[in-house]
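# Summary of structural features
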Amino acid sequence: MNIHEYQAKALLRDYGAPVSDGRVVMRAEEAKTAAGELEGPLWVVKAQIHAGGRGKGHFKEAGAGEKGGVRLAKSVEEADEEARRMLGRTLVTHQTGPDGKEVGRIYIEEGSGIARELYLALLVDRQTSRVSFVCSTEGGMDIEEVAAETPEKILSFSVDPVTGYQPFHGRRIAFMLGLEGKQVKQCVALMGTLYRLFVEKDVEMLEINPLIVTDAGELKCLDAKMGFDSNALYRHGDIAALRDESEEDPKELAASKYDLNYIALDGEIGCMVNGAGLAMATMDIIKLHGAEPANFLDVGGGATKEKVTEAFKIITSDANVKGILVNIFGGIMRCDIIAEGVIAAVKEVGLEVPLVVRLEGTNVEQGKAIIDQSGLNVIAADDLSDAAAKIVKAVKG
Ligand code: GDP
Ligand code: MN
């Protein structure tokens, strides 16, 4: 689960990391008061969306030359004006995709004078199964770009969980970043703080881009992007409360309410499968037959009729779906339950695209009979390959 920059900065502040003072604004009429509570002479007005690249982004249907979602203001009035201009509009960045994201919240912050922009991230490195630090002197840039073009400007290493964070880790980062004097000490402390926050709150990813050296020579976190391990949210009520559902894909959100594992993709064949492995195999075999899956959907081992119905609704609500493949292996799950769920769903939401159903396992005969007797236009398939071939043929002709 991701959170907004202003929420991440509040957490950083709680832990004692250096951030600017700021106020979040949800309604246009709050902007002036919020800006007025902050010290000038510079204000930064920042669109809060769960995507990076806001500074270089642009508003949809904006006139040429109108700049993006991070703006500097020289007075309270200007800050107010900028906030009002951004609220409710759709910001497009290289991370949002062409549809962009609607700006529902603005963060107004005291502006900083910047001497240097650096890059810092903490993440879970899957290769070493450890928390890793990544830092670079090239702050404010896309780290992917730096990694591709000048990899020597990136330092990354993982921390042994037995010893945890040690001051030498911080010094290594400080020297790589070319920090001087008291900044080294600040860096050692800041990295320790970030590591503690990362581990205590089950953070998955924490990116500070840029981490700056201010005019006055102090380190400060100027931007903050933070994602948490969803499987650990149950033990962090404070973090779970930061969820902003308006930032999530509505289909993925509906799926999460019914405990379905659903990921939207951009293909044309909707898939309903039980078991993550079978779902992966189903996506592979659709590709093998020359089409693309519209989603990953695992209804789980103990799916009920209601869950299957909901899954079906989510798939059919996707306008890109030109055909549906239901692929179920009834182990714990019984094929007759699945069949009833599919029939109930089709009756409820209607069926405007071809549907191929492949059932195998417990009660497969009853399941097939239920589908045959339903009178619905369902194409039956016997095995995985047959099913994929049939749905691709039905969609592509
Ligand atoms: P992003 O574009 O979504 O990554 O948003 P950032 O928070 O990283 O802001 C983008 C850029 O705006 C930064 O790299 C800075 O150059 C600039 N910026 C942000 N805050 C300040 C500030 O307080 N003072 C100054 N001078 N520039 C800022
Ligand atoms: Mn940034």
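All values reported here derive from a predicted model rather than from experimental measurement.

## Describing the sheet that holds strand β5 (residues 70-73)
- Here we have four strands laid out as an open sheet, ordered β2-β8-β3-β5, and antiparallel in their pairing. Both outer strands of the open sheet, β2 (22-25) and β5, are each paired with one neighbouring strand and no more. The average angle at which neighbouring strand axes cross in this sheet is 20°, direction not considered.
- Examined bridge by bridge, strand β3 (residues 43-47) and β5 share four bridges and lie antiparallel to one another. Of the residues in β5, the one forming a bridge with Trp-43 is Ala-73.

## Structural notes on the side chain of Lys-220
- Within the fold, Lys-220 resides in strand β13 (residues 219-221).
- Side chain to side chain, Lys-220 and Ser-20 meet in a polar contact 3.1 Å long.
- For Lys-220, the residues in contact, after removing those within four places along its chain, are Pro-18, Val-19, Ser-20, Ser-112, Pro-210, Leu-211, Ile-212 and Thr-214.

## What to know about the pattern of salt bridges
- On inspection of all chains with the given rule, the structure shows 29 salt bridges.
- We note a salt bridge from Glu-268 to Lys-396, for which the minimum N-O separation is 3.5 Å. On the criterion of sequence distance, the pair formed by Glu-268 in the loop between β15 (261-264) and β16 (269-273) and Lys-396 in helix α13 (residues 384-396) is long-range, its members being 128 residues apart.
- Bridged by salt links that share partners, the residues Glu-5, Lys-9, Lys-46, Arg-54, Glu-109 and Asp-223 form one connected network.

## Here's the deal with the sheet that holds strand β4 (residues 58-59)
- Strand order in the open sheet formed by three strands is β4-β6-β7, with antiparallel pairing between adjacent strands. Looking along the sheet, the strands with just one partner apiece sit at the ends: β4 and β7 (101-102).
- Pairing of strand β6 (residues 90-92) with β7, which is carried by two bridges, proceeds in the antiparallel orientation. Its bridge partner lying in β7, Thr-90 is registered against Glu-102.

## Some words on the coordination of the manganese ion (ligand 2)
- Within the protein, the manganese ion (ligand 2) binds to Asn-209 (O) and Asp-223 (OD); these donor distances fall in the range 2.1 to 2.2 Å. One end of the pair, Asn-209, is in strand β12 (residues 203-214); the other, Asp-223, is in the loop between β13 and β14 (225-228), and 14 residues separate them in sequence. For the residue pair Asn-209 and Asp-223, the accessibility class agrees, reading buried in each case.

## Section: unusual backbone geometry
- Put simply, Gly-40 and Pro-41 share a cis peptide bond, and its omega is 5°.
- Residue Pro-210 is bonded to the preceding Asn-209 through a cis peptide linkage, with omega at 15°.
- Turning to its location among the elements, Pro-210 is positioned in strand β12.
- Non-glycine residue Ser-129 carries a positive phi angle of around 55°.
- Take Ser-129: it is sitting in the loop between β9 (114-125) and β10 (130-136).
- Phi is positive for Asn-363, which is not a glycine, with a value near 60°.
- Under the relative-accessibility criterion, Asn-363 is labelled partly exposed at 23%.

Reading the values: the criteria
Residues numbered from 1 in each chain as written. Chains lettered and ligands numbered in written order. Predicted model: local features only at pLDDT ≥ 70, side-chain atom pairs only at ≥ 80, totals over all residues. Heavy atoms only, no water. Pairing = 2+ DSSP bridges. Helix = DSSP H or I, 4+ residues; strand = E, 2+ residues; numbered from the N terminus. Axes fitted to C-alpha atoms, helices over the stretch in contact; angles between N-to-C directions. Polar contact = N/O pair within 3.5 Å; in protein donor to acceptor, adjacent residues only side chain to side chain. Contact = heavy atoms within 4.5 Å. Salt bridge = Lys/Arg side-chain N within 4 Å of Asp/Glu carboxyl O. Donors = N, O, S within 2.8 Å, 3.2 Å for Na, K, Ca; no water. Buried < 20%, exposed > 50% of the residue type's maximum accessible area, 1.4 Å probe, protein only.

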